[in-house]
Amino acid sequence: MKQSYSFLLLILLFLQGCSDSAMVNIFNEKIAKEEISCMRLVVFDKDVEATLKELYTFDKSCNKWLEVSLKSSITCNSNQNIDKKILSNFPSSYLRMQLYKGKTLFYSYYIDLEGSVSKEDVKKAFLRVQKDLNFKEK
């Protein structure tokens, strides 16, 4: 099942090309409506981890987890985006936040960025995730 969600996300990213606007997908409405009272954090960038820990108290024992990935210094080789490459600042990095309950992906946030991923980009993304979902007030 996770493979089908990953495949769907890959197709959506391919169809979108290298856009500069955030793409949000809710894969499981039922889980997305549940109250989020805790989350585990999975991220391999220390700066991003520090920023997120300023915004939320993560719990390593929680069954819901936020997986954060990012990459900088990338290029998009799609011929469909040649006009964007020539006429604008083309995205060179991305930020992705995916929420899981157990092994089920239920929410995804993805954005292409023109520069490196900044602390403000991470904050903005997390606040969007918080706005879209049912976070318990702390």
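Scroll up to find the structure.
Residues numbered from 1 in each chain as written. Predicted model: local features only at pLDDT ≥ 70, side-chain atom pairs only at ≥ 80, totals over all residues. Heavy atoms only, no water.

A.B. asks: How would you sum up the packing of aromatic side chains? Please name residues and give values.
C.D. replies: Scanning all chains against the criterion turns up seven aromatic pairs. With a centroid separation of 6.0 Å and 55° between ring planes, the pair formed by Y56 and F126 is classed as tilted. With Y56 in the loop between α3 (46–55) and β3 (64–71) and F126 in helix α5 (residues 119–132), this pair connects stretches of sequence that are 70 residues apart. By relative accessible area, Y56 is classed as buried at 6%. (Phe/Tyr/Trp six-rings, centres within 6.5 Å; stacked < 30°, edge-to-face > 60°. Helix = DSSP H or I, 4+ residues; strand = E, 2+ residues; numbered from the N terminus. Buried < 20%, exposed > 50% of the residue type's maximum accessible area, 1.4 Å probe, protein only.)

A.B. asks: Give me α5: which residues, what numbers.
C.D. replies: An ideal rise of 1.5 Å per residue puts 20 Å on 14 residues; α5 measures up with 20 Å between its terminal C-alpha atoms. Among the residues of α5, V122, A125, F126 and V129 are the ones counted as buried. Seen end-on, α5 carries its buried residues on one side only, within an arc spanning 95°. Along α5, exposed side chains directed more than 90 degrees from the buried face belong to E120, K124 and K131. Looking at the buried residues of α5, the elements they touch are α3, β3, β4 (93–101) and β5 (104–113). (Expected span 1.5 Å × (residues − 1). Arc of directions from axis to C-beta. Contact = heavy atoms within 4.5 Å.)

A.B. asks: Tell me about the side chain of S93, and please be specific about residues and values.
C.D. replies: As for its position among the elements, S93 is in strand β4. Classification of S93 as buried rests on a relative accessible area of 0%. A distance of 2.3 Å separates the side chain of S93 from the backbone oxygen of G115, its partner in a polar contact. (Polar contact = N/O pair within 3.5 Å; in protein donor to acceptor, adjacent residues only side chain to side chain.)

A.B. asks: Requested: an account of the sheet that holds strand β2 (residues 40–42), with residues and values cited.
C.D. replies: Whether parallel or antiparallel, the strands of a sheet pair through hydrogen bonds between backbone atoms. If you trace the five strands from one edge of the open sheet to the other, you get β1-β5-β4-β3-β2, paired in mixed fashion. Strands with a single pairing partner mark the edges of an open sheet, and in this sheet they are β1 (23–26) and β2. Between one strand and the next, the sheet's axes are offset by a mean angle of 15°, whatever the strand orientation. Here nine bridges tie β4 to β5, and the two strands are oriented antiparallel to one another. Each residue of the ladder has a partner; that of M97, found in β5, is Y109. Its contacts with the sheet put α3 on β2, β3 and β4, and the angle it makes with β3 is roughly 140°. (Pairing = 2+ DSSP bridges. Axes fitted to C-alpha atoms, helices over the stretch in contact; angles between N-to-C directions.)

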